[in-house]
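Residue-level structural notes
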Amino acid sequence: MNYTSNRTLFPAKKWQKPVLLTAVALGLLQLGATCAQAANIDYSKYGDYGKYGSAADVPGMCSFEAIAKKNYKGRTLKIITHAVPVLGEPTDVHAKQFQDLTGAKVDVVHIPFGDLYQRIMIPFQTGQAAYDVLFYPSLWIGDMQSHLAPVPAAYQASSGMKDVTANYRDVATWGNQMVQYPVDGDRHYMKYRSDIFSNPQMQAKYKEKMGKELKVPATWEDYNDVATFFSGWDWAGDGKPHFGSAEVTKRDDLMFSAFISRVAAYAKNPNVKGGFFFDLKTMKPQVNNPGWVRGLEMFIKAKAAFPPGGTNFGLGDEIFSFGGGQALMSYSWDDAFIQAMEKDSPIRNKVAAAPLPGANDVWNRTSGKWDHFDLPNAPPYITWGWTSAVAKASKSQDMAFDYLCFFSNEANDSLDLQIGRFGINPFRKAHFDSNFWQSKLGWDKNVADTYVKTLGGMDSSNNRVFDLRVPGVNQFMSSLANGVAEAMAGQKTPQAALDGVSQQWNDIVNKIGVDKVRAAYANVVKLEDKGR
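Residues numbered from 1 in each chain as written. Predicted model: local features only at pLDDT ≥ 70, side-chain atom pairs only at ≥ 80, totals over all residues. Heavy atoms only, no water.

With that settled, consider the overall build of the chain. Helix and strand counts for the chain stand at 22 helices and 19 strands. The globule rule puts the C-alpha radius of gyration for 532 residues at 24 Å, and the 24 Å found for the chain is close to it. Principal axes of the C-alpha set define a box for the chain whose edges measure 75 × 55 × 40 Å. Per-residue burial for the chain yields a buried fraction of 57% across its 532 residues. Long-range contacts, defined here as pairs at least 24 residues apart, represent 73% of the contacts in the chain between residues at least 6 apart. Of the accessible surface of the chain, which amounts to about 20,500 Å², a share of 52% is contributed by carbon and sulfur atoms. (Helix = DSSP H or I, 4+ residues; strand = E, 2+ residues; numbered from the N terminus. Rg over C-alpha atoms; globule rule 2.2 N^0.38 Å. Buried < 20%, exposed > 50% of the residue type's maximum accessible area, 1.4 Å probe, protein only. Contact = heavy atoms within 4.5 Å. Areas by Shrake-Rupley, 256 points an atom, 1.4 Å probe, with all protein chains shown as cover.)

Here it is as structure tokens:
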């Protein structure tokens, strides 16, 4: 069996012919005297993963034991994935395991993010069966879905799939068919320094200056106030200046997602159905309505609390600014929180999680007025994350679905969740158990409790924001990022900048086809309006 990859994490090696279970497979399973007791799985033979311990092999069709009974000797599985380490590294680890267990040859190609879309789409458009398994951002589903094989009923009935939360089953679904295989869960939420918020001296300072209590922000106005107060002075006591907020603001580095997090509170009205990005009936863009403009105005005001260079922060900068202790607060994906909770972090167990801030006044596009809410409107943003799928043109769909089933089995993902650089975040109900994070990662109870409560609570909301999962999504988001960047730089007013985005969105819709975009957007609206 040969494992090949365009990187050298694992050298190609030959193994003895498998006989039911290969010697390698038996070693992986670490079976005891009987098979009645679940085996313990670890990654120690594949790299420096021994420190993450082991996990029990959960019985079922996706388990190590079940996959080891498959014989794919003489067959090749072709996989395309993101560059290492994020997603690319776990793809490699599980490809090597799968090869050892089944006898298959597994070819893995790693592609930088900027090229991944084209490398997947061009073979689709030219009718080539270049890859069997695909890993990519979930918001591309609008362009990908017609080229994907539906997930068979047997895999949907597996124990691991049944435990996937409602939000991430929804993300994997197009119309009434599951066409993506959930392997990751992503959302935006707020991270903050709990030690500073609970410090009596800091509370007194804030009240003296601001005339109100220091509390975890419930609205974006509160967030900006707290962030501005805590900017430019040494509130951490280490002799260095610290700042209030680290945000993703770089035009070409996911700034559009950060902006949507801020806008949702003002423009995703719980009393209005039928679309957040567009009015589904008319397909009129909503990106320049007063709610979106208010969100951009608040984004601009937040600049006063950014660290040096903070107006051009990419995701990596935000991760290390908050995770390294420079900033009091941030919001985006899990990465900054996990960075802060690394074992060698100076702020380990000094942070907490909370939902995104909300807004008391929310634009109602139906009435053309602002609605007031005593309890702030705070829609969760179920933002894009990594997903996987099997190509419809693949001649090895059986092996491909077995690989994805194995990739995300309970033993593997309980270890993957602990390895921050893997980019695998909670997506199953079992992941929202505070005891897991306390026992496996050594988190303090309060930290673990706020984390699982914040993330788990998003599934109960019936006023959610999902990404714009339509054909041409990259064009729409690039246009949005350019407009927001113009306003952030002072080149245009917020209204003028978003008016320009709205016109560009109209042009993109007309180019792709109004009916085609509307049909795809109806799937997004269905998710947003679910339960209402």
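More follows now that the structure is in view.
All chains considered together, the criterion is met by 1 disulfide. Disulfide pairing places Cys62 opposite Cys405 at an S-S distance of 1.6 Å. Here Cys62 and Cys405 share a disulfide; its torsion about the S-S bond, -90°, makes the bridge left-handed. One end of the pair, Cys62, is in the loop between strand 3 (55-56) and helix 2 (64-67); the other, Cys405, is in helix 16 (residues 397-407), with 343 residues separating them in the sequence. On the basis of relative accessibility, which here comes to 9%, the residue Cys62 falls in the buried class. (Disulfide = S-S within 2.5 Å.)

Another aspect to go through is the pattern of salt bridges. A complete count under the given rule lists 20 salt bridges for this structure. Here Arg187 and Asp334 are joined by a salt bridge, their closest N and O atoms 3.3 Å apart. Within this pair, whereas Arg187 is found in the loop between strand 8 (177-178) and strand 9 (189-193), its partner Asp334 is found in the loop between strand 13 (327-332) and helix 15 (335-340), the two being separated by 147 residues in sequence. Each of the two residues, Arg187 as well as Asp334, counts as buried. Close ionic contact of Asp225 with Lys212 constitutes a salt bridge, the shortest N to O distance being 2.9 Å. Of this pair, Asp225 sits in helix 11 (residues 220-229) while Lys212 sits in the loop between helix 10 (200-210) and helix 11; the two residues are 13 residues apart in sequence, bridging distant segments of the chain. A relative accessible area of 27% places Asp225 in the partly exposed class. (Salt bridge = Lys/Arg side-chain N within 4 Å of Asp/Glu carboxyl O.)

Another aspect to go through is the packing of aromatic side chains. Aromatic rings considered in pairs are described by the distance between their centres and by the relative angle of their planes. In total, this model carries 46 aromatic pairs according to the counting rule given. Ring geometry for Phe135 versus Tyr403: centroids 6.4 Å apart, planes at 85°, classification edge-to-face. Of this pair, Phe135 sits in strand 6 (residues 133-137) while Tyr403 sits in helix 16, and the two are 268 residues apart along the sequence. The pair Phe135 / Tyr403 is uniform in exposure class, with both members buried. (Phe/Tyr/Trp six-rings, centres within 6.5 Å; stacked < 30°, edge-to-face > 60°.)

Within helix 16, 9 of the 11 residues are buried, which leaves the element mostly enclosed by the surrounding structure. Along helix 16, the residues that are buried comprise Met399, Ala400, Phe401, Asp402, Tyr403, Leu404, Cys405, Phe406 and Phe407.

Two elements in contact, helix 13 (residues 290-301) and helix 21 (residues 494-512), have axes whose closest approach is 9 Å; the angle formed by their N-to-C orientations is 125°. As the angle between them shows, helix 13 and helix 21 are arranged oblique. When the axes of helix 13 and helix 21 are compared, the crossing they make is right-handed. Contacts between helix 13 and helix 21 involve Trp292, Val293, Leu296, Glu297 and Ile300 on the former and, on the latter, Pro494, Gln495 and Leu498. When the residues that make up the contact of helix 13 with helix 21 are grouped by side-chain class, the tally is 6 nonpolar, 1 polar and 1 charged. (Axes fitted to C-alpha atoms, helices over the stretch in contact; angles between N-to-C directions. Parallel < 35°, antiparallel > 145°, perpendicular 65-115°, else oblique. Left-handed = near helix turned anticlockwise from the far one by under 90°. Nonpolar A, V, L, I, M, F, W, Y, C, P; charged D, E, K, R; others polar.)

Following the sequence through the fold, Ala39 ends up in the loop between helix 1 (23-29) and strand 2 (40-41). Judged by relative accessible area, which is 6%, Ala39 ranks as buried. Taking C-alpha positions, Ala39 is 8.7 Å from Phe64, a pair spaced 25 residues apart along the chain.

Right, let's get into the sheet that holds strand 14 (residues 351-354). In spatial order, the strands read 10-13-9-14; together these 4 strands make up an open sheet with mixed pairing. Two strands bound the open sheet, and with one partner strand each, they are strand 10 (243-246) and strand 14. Each strand of the sheet is rotated relative to its neighbour by a mean of 20°, with strand direction disregarded. As judged from the 4 bridges shared by strand 9 and strand 14, these two strands associate in the antiparallel manner. What sits directly across from Lys191, in strand 14, is Ala353. Together, strand 9, strand 10 and strand 13 form the strand contacts of helix 11, whose direction differs from that of strand 13 by roughly 145°. (Pairing = 2+ DSSP bridges.)

Here the focus is the environment of Ile419. Counting through the fold element by element, Ile419 comes out in the loop between helix 17 (410-416) and helix 18 (434-441). Sequence separation of Ile419 and Lys392 is 27 residues, and the distance between their C-alpha atoms is 32 Å. Each residue touching Ile419, except ones within four places of it in the same chain, is listed here: Tyr43, Tyr49 and Tyr52.

On to the pairing of strand 6, then. Across the 5 residues of strand 6, 5 count as buried, placing the element largely inside the fold. The sheet contact formed by strand 4 (residues 76-82) and strand 6 spans 2 bridges and is parallel. Its bridge partner being in strand 6, Ile79 is matched across the sheet by Val133. As paired elements, strand 6 and strand 18 (residues 386-390) share 5 bridges and run antiparallel to each other. Paired with Val133 across the two strands is Val390, which belongs to strand 18.

Before going further, it helps to spend a moment on the side chain of Glu528. Following the sequence through the fold, Glu528 ends up in helix 22 (residues 514-528). Despite being buried, Glu528 has no salt bridge partner; Lys268 is the closest side chain of opposite charge, sitting 4.7 Å away. (Lys, Arg positive; Asp, Glu negative; His and termini not counted.)

What follows concerns unusual backbone geometry. The linkage connecting Val84 with the following residue, Pro85, adopts the cis geometry, with an omega of 0°. Tracing the sequence through the fold places Pro85 in the loop between strand 4 and helix 3 (88-102). Its identity as a non-glycine residue notwithstanding, Leu254 has a phi of 70°, on the positive side. You can see Leu254 is positioned in the loop between strand 10 and helix 12 (255-267).

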